[in-house]
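# Chains, contacts and geometry: an overview
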Amino acid sequence: MSAHRIATLLRDQPLGTTVTVNGWIRTRRDAKGFSFLEVNDGSCLANLQVIVEASLPNYEAEIARLATGCAVRVIGELASSPAKGQAVELKASEITVYGWADPESYPLQKKRHSFEFLRTIAHLRPRTNSLGAVARVRSTLAHAVHDFFRERGFFLVHTPIITTSDCEGAGEMFTVTGLDLDQPPKREGRVDFSRDFFGRRTSLTVSGQLEAEIYALALGNVYTFGPTFRAENSNTSRHLAEFWMIEPEMAFCDLADDIDVAEALLKHLVGCALTECREDLGLFARFIDQGLIARLENVLARPFIRLPYSEAIEQLKVSGHDFEYPVAWGLDLQSEHERFLTETIFKQPVVVIDYPKAIKAFYMRQNDDNRTVAAMDILFPGIGEIVGGSQREERYEVLLARLTDAGLPLADYQWYLDLRRFGSARHAGFGLGFERIIQFVTGMANIREVVPFPRTPGSAGF
RNA sequence: UCCCAGGUAGCUCAGUCGGUAGAGCUGGUGGCUGUUAACCACCCUGUCGGGGGUUCGAGUCCCUCCCUGGGAGCCA
């Protein structure tokens, strides 16, 4: 049964034609001798208004009992609407009820709910205007990510979910095991992972970066876009234990090139949302964040500020602002510092580069000053860090020294060092948290609303 | 994980000095109406987050655990 999608009908408005629509009832309003139904099929934010005359055979028995949430098929003629509020409406000639929804027990009401409550009914929340809009934006942007890289000749690499490598500094990892947790094999008092499924301890990936480097040094430009897992006990509006990350890795590329790509990607995604998701963004601009559209356009308006860490420290110092945490060269930037840079000083995205090497990961390329590394963080107003990246250390001896200084087991990184022994080349990459960009684009305050089924400490329902 | 604020009807919340609970909305019934978060009238709904304690008596005070929100840390 091929049905018409409401988004298409509202766009093309084929007046006078008979169409079939499958969807869910949002509300029913009764008038004298007929009823109004609002039907939504998920294809767009807008509902289709359906006019049902009381003369339909199942009017008394079924139509008059339709309530929010019922699944229906409507066949009828599309006509221009005589009243304000909608351009077209569907004059029903036949309505079939696929599935009832008892209004006494159906949790969704035809009024606004708190996002907190909707989270407890994650199986029903995509049927709301706002969560449905988020889902459409998320899908659109996921495709836009692939479009962006494909147009630029990047290859998509599927890096492993189960891994033995620990991308240092990326946080706590979830262990993956097939062992009987009630009776784990032990050796010298500790769990003996050599008898586990893979013969050694394995975890869920915290980053595909190291594996992406392998493919960048073979195919040139590559990217990964997949789930990422962090076992950090983070309880904030911008952290998930399971999230999706985009990680490009580019050979023969330095930090400046890296930032160029990241900036272009962010602008591509924001621009794409503005042009392809206008109706859904309109909902967010009305009910979530009045300044949303202006903030998105501000991102596209001019080049991002590129600011060396040392200058950022100076800017913060001379601002005269009284910060809770100290500002000094060598200390990491705190949230309040990042926010002050993007929201008060520059009022636009800021890329901080060349951080002290002591506060950054071992794989970041050491600069000639011997005290900073070619790292960059892109800070967005309201979101904070949205991208973190660096030029990678491609020099064998320097990398070896960094690994040794960090006290990391060299045996585990032999293959990583090998990349620097055989045909090494400068390369760079970054990580973009997919949910963070969706948060920015939709204005949603909590990251748990921009992923269908959020996994956070103490919560993995559905 | 730390600091702060919360958890009361299906939802959003009020509840005074400790005396076993209310409102609006939703829903139901009736009316009205080319309506559109419809409108008008009436009606239903409670393990006051879980456990323990103080007290003649606890939604209210104390302890503890769980969860949520805001901020912080960690990061994307």
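Computed from a prediction, not measured in an experiment: that's the story for all the values here.

## Notes on the sheet that holds strand 5 (residues 88–99)
Strand order around the closed barrel formed by five strands is 1-2-3-5-4, with mixed pairing between neighbours. The average undirected angle you get between the axes of adjacent strands in this sheet is 55°. The pairing of strand 2 (residues 34–40) with strand 3 (residues 48–53) spans six bridges and is classified as antiparallel. Each bridged residue has a counterpart across the sheet, and for Ser35 the counterpart in strand 3 is Val52.

## Here we look at the protein's contact with RNA strand B
By nearness alone, 51 residues border RNA strand B, and Lys84, Asn233, Thr236, Arg339 and Arg436 come closest of all. Among atoms of RNA strand B positioned within 4 Å of the protein, sugar and phosphate together represent 50%. In this structure, Gln49 approaches RNA strand B through a side-chain N or O atom, which is 2.9 Å from a base oxygen. For RNA strand B, a phosphate oxygen lies 2.5 Å from a polar atom in the side chain of Gln334.

## Remarks on the layout of surface pockets
Empty space within the second largest pocket amounts to approximately 930 Å³. For the lining of the second largest pocket, the secondary-structure elements that each account for two or more residues are strand 1 (18–31), helix 2 (115–120), helix 3 (129–151) and helix 6 (278–287). Looking at the lining of the second largest pocket element by element, the count peaks at five residues for helix 3. For the lining of the second largest pocket, the per-class residue count stands at 14 nonpolar, 12 polar and eight charged. Looking at the lining of the second largest pocket, you find at least three residues from each of domain 1 (6–99) and domain 2 (125–170 + 206–449).

So, how was this worked out
- Residues numbered from 1 in each chain as written.
- Chains lettered and ligands numbered in written order.
- Predicted model: local features only at pLDDT ≥ 70, side-chain atom pairs only at ≥ 80, totals over all residues.
- Heavy atoms only, no water.
- Pairing = 2+ DSSP bridges.
- Helix = DSSP H or I, 4+ residues; strand = E, 2+ residues; numbered from the N terminus.
- Axes fitted to C-alpha atoms, helices over the stretch in contact; angles between N-to-C directions.
- Near = heavy atom within 4 Å.
- Polar contact = N/O pair within 3.5 Å; in protein donor to acceptor, adjacent residues only side chain to side chain.
- 1 Å grid on protein atoms, 1.4 Å probe; cavity = no way out; pocket = protein on both sides within 12 Å on 5 of 7 lines; lining within 4 Å.
- Points joined across faces, edges and corners; volume = space filled by probe spheres on them.
- Nonpolar A, V, L, I, M, F, W, Y, C, P; charged D, E, K, R; others polar.
- Domains from an automatic or database assignment.

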